[in-house]
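Below, each chain spelled out in residue letters.
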Amino acid sequence: MKNRFVRTRAALTALTAWGVLAGSGVASGSTAQDGAAQAGRAARVAPGVTYRAFDLAVGRGTAHAHLLTVDLTDRRVAVDLLYPGVVGARAPVSRLADARSAVAAVNADFFNITETQHPGVEATGAPVGPAIASGRHLKAAVPDGQRFGPALPPGTNTKDVIGVGFDRRARLDRLSLRGAVLTSAGALPLKGLNQYALPVNGIGAFTSRWGPASRVRATCGTDTDRAAPCSTETYELTVRQGRVTEATRVPGRGGIPRGTTTLVGREEGARQLRKLRVGDRVRVGHALTGRRPAPLRFAVGGFPIVRGDEPLAGLDTVTPAVRTAAGVGADGRRLLLLALDGAPGRAGMTVRELADLMVRLGARDAINLDGGGSSTLVTREPGSPGSTVRNHPSAGAERPVPNGIGVFARG
């Protein structure tokens, strides 16, 4: 306990020093007028939510960070997933935040941004990891070899998430898909839910929450090689009101009506689906389950970089980049959301430097989110109709992303 107090006090002292050094803490295109925020001191965004910007020296120059601190003990505060309404779609963070009247937000998971290895196959824009929004289980994780983003640290995988439970405590967890396709001949294991890549030999379920994006990408690559060719053995079934209503050899595209599930199989999964006929009775069940019994109300994917006050072993120490992170402190009662500035002349950070920073800020556990041109942090001034982008996105403008972490407050 004493060491924890000393570490926290040192972090606060360092943060105060960084705040004094901070120059303009808001992007040039913002409308913020709060001089305190620009000077690096904590500025109140809403009840239980503060924002500050600060400089810190790294080996290659000066990085500029933007930090949201969310006090989850304040009953007026809530955190939830922001997304464009369906899994396979993208929108700028500011638009996602404004659509839900969030008071602050950062971008979240890595996503299927390009398909150069598979000519003619469209990128879905869908995220890598599991996602839960307002208690609704939206999607499961793609295989590790199918992810986008930096290399995973040892001991982590695409099922890792940061989330907030119905108990209002933030935590890192690992969400696995539990599901089956029940037929008259028995149960077929379900290996995917609204995800852009299915395991080899697997069957995946796509619901109305997937959206109109093509489902072909789900049958491309392998569990260890994202660039591997698309499968030549695929099958798709449509299940409506407990019966198979359509069957086709090639996965399709287009919106899926509510109450309808589209099953896509590859290799052995395709062979099993091919045994079913139009009119057969079929039931599909699925849920995401974590390692802890308390269910998560909100969750989003990323890879852990801090556990138990310590950076993970094997984090990258070489490649600097603009980065986004989320951390958990105060026994799950505090959420830290951080994005680096991508303005010209601002230094990036390695993943290890990012982990060290999150520990100094008081995060007992932390996760790395999508960075580079995706890194975006926004806040909304009281009475303002729209959000202010606080950092400078490295591409010069906001990149459309599949999801974000939204902060909500009343009062």
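Preceding block: the structure.
Since we're looking at a predicted model, the values are computed, not measured.

Asks: In this structure, what is going on with helix α3 (residues 93-100)? I would like to understand it.
Replies: Side chains three or four residues apart in an α-helix point the same way, a direct result of the helix having 3.6 residues per turn. By the burial criterion, the buried members of α3 are Val93, Ser94, Leu96 and Ala97. Across the axial projection of α3, the buried residues extend over an arc of 165 degrees, all falling on one side. Counted as exposed and oriented over 90 degrees from the buried face of α3: Arg95 and Ala99. Those residues of α3 that are buried lie in contact with β4 (77-82), β5 (104-107), β24 (377-379), β25 (388-389) and β26 (404-409). Where α3 ends, the next residue or the one after it, Ser101, has phi of about 55 degrees, a positive value.

Asks: I would appreciate a short explanation of the nonpolar core in the present structure.
Replies: Core analysis: the largest hydrophobic core is formed by 77 residues, its most contacted members being Ile162, Ile305, Leu338, Met358 and Ile405. Discounting residues that sit within four places of it in the chain, Ile305 has contacts with Glu310, Pro311, Leu312, Leu315, Val351, Leu354, Ala355, Ala366, Ile367 and Asn368. Counting residues in hydrophobic clusters, the runner-up holds 23 residues, among them Leu175, Leu190, Ile203 and Ala299.

Asks: When you look at the state of the cysteines in this model, what are you seeing that I'm missing?
Replies: Disulfides are covalent bonds that connect the sulfur atoms of two cysteines. Scanning all chains against the criterion turns up one disulfide. Each sulfur of the disulfide joining Cys220 and Cys230 lies 1.9 Å from the other. Measuring handedness by torsion sign, the sulfur bridge of Cys220 and Cys230 sits at about 85 degrees and is right-handed. Of this pair, Cys220 sits in the loop between β13 (203-206) and β14 (234-240) while Cys230 is found in the loop between β13 and β14, placing the two residues ten residues apart along the sequence. On the accessibility criterion, Cys220 (0% relative accessible area) is buried. Assessed through its relative accessible area of 27%, Cys230 is described here as partly exposed.

Asks: Explain empty space enclosed by the protein here, please?
Replies: Gaps left between atoms are located by rolling a probe of water-molecule size over the structure's atoms. What the rule picks out here adds up to two cavities of 30 Å³ or more. Roughly 60 Å³ of volume is contained in the largest cavity. If you trace the largest cavity, you find it lined by Asp109, Phe110, Val128, Gly129, Arg147, Phe148, Leu152, Asn157, Thr158, Gly301, Gly302 and Phe303. A per-class count over the lining of the largest cavity returns five nonpolar, five polar and two charged. By volume, the second largest cavity amounts to about 50 Å³. Around the second largest cavity, the lining residues are Leu81, Tyr83, Val86, Val87, Pro127, Ala131, Leu138, Lys139, Pro402 and Asn403. Classifying every residue of the lining of the second largest cavity by side-chain character gives eight nonpolar, one polar and one charged.

The rules we used
- Residues numbered from 1 in each chain as written.
- Predicted model: local features only at pLDDT ≥ 70, side-chain atom pairs only at ≥ 80, totals over all residues.
- Heavy atoms only, no water.
- Buried < 20%, exposed > 50% of the residue type's maximum accessible area, 1.4 Å probe, protein only.
- Helix = DSSP H or I, 4+ residues; strand = E, 2+ residues; numbered from the N terminus.
- Arc of directions from axis to C-beta.
- Contact = heavy atoms within 4.5 Å.
- Core = buried A, V, L, I, M, F, W, Y, C linked by side-chain atoms within 4.5 Å.
- Disulfide = S-S within 2.5 Å.
- 1 Å grid on protein atoms, 1.4 Å probe; cavity = no way out; pocket = protein on both sides within 12 Å on 5 of 7 lines; lining within 4 Å.
- Points joined across faces, edges and corners; volume = space filled by probe spheres on them.
- Nonpolar A, V, L, I, M, F, W, Y, C, P; charged D, E, K, R; others polar.

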